[in-house]
Amino acid sequence: MDLSFLKTMPKVELHAHLNGSLKMDSIQELGMELYGDNSDEFLREIKHFVEFASGNDEDKLNKCFQKFQFMHKLTATKEGLELATEKVIRDFASDNVFYLELRTTPKANSNMSRRQYIEIILHTLEDCHKKYDIIVKLLVSIDRSQGHQVAEEIIDLAIEMRNKYPSLVKGIDLSGNPAIGCFEDFVESLQKAKNAGLKLALHCAEIDNEMETQEMLDFNFDRCGHGTFLTSQQVEQCKKQLITIECCLTSNVKCGTVKGYDLHHFKYLFENKVKAVICTDDCGVFDSTLTEELLIACRTYGLNKEHVYGLSKNAIEASFASKEEKQVMLKRTDEYFKDNQDI
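None of these values were measured; they are calculated from a predicted model. (Residues numbered from 1 in each chain as written. Predicted model: local features only at pLDDT ≥ 70, side-chain atom pairs only at ≥ 80, totals over all residues. Heavy atoms only, no water.)

Chemist: Which residues make up the overall build of the chain, and what values go with them?
Modeler: Regarding its fold elements, the chain presents 16 helices and eight strands. Relative to the globule expectation of 20 Å for 343 residues, the C-alpha radius of gyration of the chain, 19 Å, shows essentially globular dimensions. Within the span of the chain, comprising 343 residues, buried residues form 55% of the whole. Surface accessibility of the chain: about 15100 Å² in total, with carbon and sulfur atoms responsible for 47%. For the chain, the distance from the average site of its 42 positive side-chain charges to the average site of its 56 negative ones is 4 Å. (Helix = DSSP H or I, 4+ residues; strand = E, 2+ residues; numbered from the N terminus. Rg over C-alpha atoms; globule rule 2.2 N^0.38 Å. Buried < 20%, exposed > 50% of the residue type's maximum accessible area, 1.4 Å probe, protein only. Areas by Shrake-Rupley, 256 points an atom, 1.4 Å probe, with all protein chains shown as cover. Lys, Arg positive; Asp, Glu negative; His and termini not counted. Charge placed at Lys NZ, Arg CZ, Asp CG, Glu CD.)

Chemist: Outline the packing of helix H8 (residues 147-164) against helix H9 (residues 187-195), listing residues and values.
Modeler: Direction vectors running N to C along H8 and H9 enclose 5°, while the axes themselves pass 9 Å from each other. As judged from the angle between their axes, H8 and H9 are roughly parallel. Residue-level inspection shows His148, Ala151, Glu152, Ile155, Asp156 and Ile159 of H8 in contact with H9, the latter providing Ser189, Lys192 and Ala193. Residue composition of the contact of H8 with H9, grouped by class: four nonpolar, two polar and three charged. (Axes fitted to C-alpha atoms, helices over the stretch in contact; angles between N-to-C directions. Parallel < 35°, antiparallel > 145°, perpendicular 65-115°, else oblique. Contact = heavy atoms within 4.5 Å. Nonpolar A, V, L, I, M, F, W, Y, C, P; charged D, E, K, R; others polar.)

Chemist: Tell me about the pairing of strand E5 (residues 199-204), and please be specific about residues and values.
Modeler: For E5, the buried fraction is high: five of the six residues fall into the buried class. Of the strand pairs in this sheet, strand E4 (residues 169-175) and E5 are connected by four bridges, and their pairing is parallel. When the bridges of E5 are listed, leucine 174 appears paired with leucine 202. In the classification by handedness, the crossover that spans E4, the intervening H9 and the parallel E5 is right-handed. Both E5 and strand E6 (residues 223-226) contribute to a ladder of four bridges, which runs parallel. Across the sheet, residue alanine 201 finds its bridge partner in E6, namely arginine 223. Of the crossover connections in this fold, the one passing from E5 over helix H10 (residues 210-219) to the parallel E6 is right-handed. (Pairing = 2+ DSSP bridges. Right-handed = clockwise from strand over helix to strand, strands pointing away.)

Chemist: Describe H8, with residues and values.
Modeler: With 18 residues, H8 ought to run about 26 Å at 1.5 Å a step, and its terminal C-alpha atoms sit 26 Å apart, in line with that. Packed against the buried residues of H8 are helix H7 (114-132), strand E3 (135-143), E4 and H9. (Expected span 1.5 Å × (residues − 1).)

Chemist: I'd love a proper account of the environment of methionine 71, names of residues and values included.
Modeler: Secondary-structure assignment places methionine 71 in helix H5 (residues 68-74). Along the sequence, methionine 71 and glycine 302 sit 231 residues apart, while their C-alpha atoms lie 36 Å from each other.

Chemist: Mind laying out H10, listing which residues take part and the relevant values?
Modeler: Of the residues making up H10, those classed as buried are Glu212, Thr213, Met216, Leu217 and Phe219. Projected down its long axis, H10 carries its buried residues within an arc of 160°, all on one side. When the buried face of H10 is taken as reference, the exposed residues oriented beyond 90 degrees from it are Met211 and Asp218. Lining the buried residues of H10 we find E4, H9, E5 and helix H11 (232-240). Positioned one or two residues after H10, asparagine 220 has a phi angle of 80°, which is positive. (Arc of directions from axis to C-beta.)

Chemist: Tell me about the packing of helix H6 (residues 78-94) against H7, residues and numbers included.
Modeler: For the pair H6 and H7, the least separation of the axes is 9 Å and the interaxial angle reads 35°. Once H6 is placed against H7, the crossing between them reads as right-handed. Packed against H6, whose contacting residues are Lys78, Leu81, Glu82, Thr85, Glu86, Ile89, Arg90 and Ala93, the element H7 presents Gln116, Tyr117, Ile120, Ile121, Thr124, Leu125, Cys128, Lys131 and Tyr132 at the interface. Across the contact of H6 with H7, the residue classes break down as nine nonpolar, three polar and five charged. (Left-handed = near helix turned anticlockwise from the far one by under 90°.)

Chemist: Just give me the short version of a negative patch on the surface, but keep the residues and values in it.
Modeler: A surface patch of negative charge is lined by Glu79, Glu82, Glu126 and Asp127. Elements with a minimum of two residues in the negative patch: H6 and H7. Looking at where glutamate 126 falls in the secondary structure, it is placed in helix H7. The class of glutamate 126 is partly exposed, set by a relative accessible area of 35%. (Patch = residues over 30% accessible without salt bridge, like charges linked within 9 Å, V, L, I, M, F, W, Y side chains within 5 Å. Salt bridge = Lys/Arg side-chain N within 4 Å of Asp/Glu carboxyl O.)

Chemist: Outline the pattern of salt bridges, supporting the account with residue identities and numerical values.
Modeler: Tallying each qualifying case throughout the model produces 17 salt bridges. Among the salt bridges present, the one from lysine 7 reaches aspartate 95, with a minimum N-O distance of 3.3 Å. Residue lysine 7 is located in helix H1 (residues 3-8), and its partner aspartate 95 is located in the loop between H6 and strand E2 (97-104); the two are separated by 88 residues in the primary sequence. Between lysine 275 and glutamate 317 there is a salt bridge, with the nearest N and O atoms lying 3.2 Å from each other. Pair noted here: lysine 275 is in the loop between helix H13 (266-271) and strand E8 (276-278) and glutamate 317 is in helix H15 (residues 305-318), with a separation of 42 residues, a long-range link. Through salt bridges with shared partners, a single network forms among Glu29, Glu33, Lys87, Arg90 and Asp91.

Chemist: Describe the layout of surface pockets, listing the residues and the values that go with them.
Modeler: Each pocket or cavity is described by its volume, and for the second largest pocket that value is around 340 Å³. Looking at the second largest pocket, it is lined by 23 residues, and the ones nearest its centre are Lys199, Asp222, Glu317, Ala318 and Phe320. Counting residues per element, the ones that place at least two in the lining of the second largest pocket are E4, H11 and H15. Considered class by class, the residues forming the lining of the second largest pocket number 10 nonpolar, four polar and nine charged. (1 Å grid on protein atoms, 1.4 Å probe; cavity = no way out; pocket = protein on both sides within 12 Å on 5 of 7 lines; lining within 4 Å. Points joined across faces, edges and corners; volume = space filled by probe spheres on them.)

What follows is the structure, given as structure tokens:
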């Protein structure tokens, strides 16, 4: 598969965390704009942000989550959050992503409330739509390490924001360290979100916890984040329930939940015609792009142009975009593949 074809191809990104998606150059740029200088200490922090030490798989995964503390510092002010959000969207647009779903957990500190956090992001999304010609939606995240009381507060806020910004606030994400907390603690809040019309894109089977994974599948949701440890029976359940699986290749390899690209579960899903999409997860942390993830998939699993078109169509159909937006995206994708069939 030709790199230039994948680079210029209009792409859909469905699994992207705001605080993990700032590229190194953009972090340096953000530091300069916020602090007026990039000190040696700041540059060391950036370098650490994209380094992955050796160790056992559990240690690697824990260190991945620790990296976000650095980005949380950069986005702890209104100015920092607004600048970071714009730079993330700009970087995706420069990779020819024309539809993006960003997910983030609303944070409260001395500088802003959770409501202000969300509204800053939503206003930035509106501005960036015009500035970078990209459609961006927000998935409001619940961090499972924060417990069910915070989750309830966030769900209520997400419903309020959806009513106020129905074209932007589209769904709920359950994420955070999968080794912390229990899914059953969040069922009531997630059901409330479902009843309010919010879509659910939940991190599921990110680690080997078959019982919790089954609880989640039986609860039912729209998209499965990672799905690394789904059993064959659970994969079949995903097919029956029309759950799309968001596969994040480099993320899983660098975090140690998958031993290598050739062993990634995407291959099994693809060969068994399970609806799956390729995503970046945290393109800044993992120093990748959606183009590069698709190139890895093509080279590792022997995908051709027809397969890539199928993945693009999967992503459009599984997105939380409106019917009209999906029609526009599909038309643009069809035109691109038709115009570039000889490349």
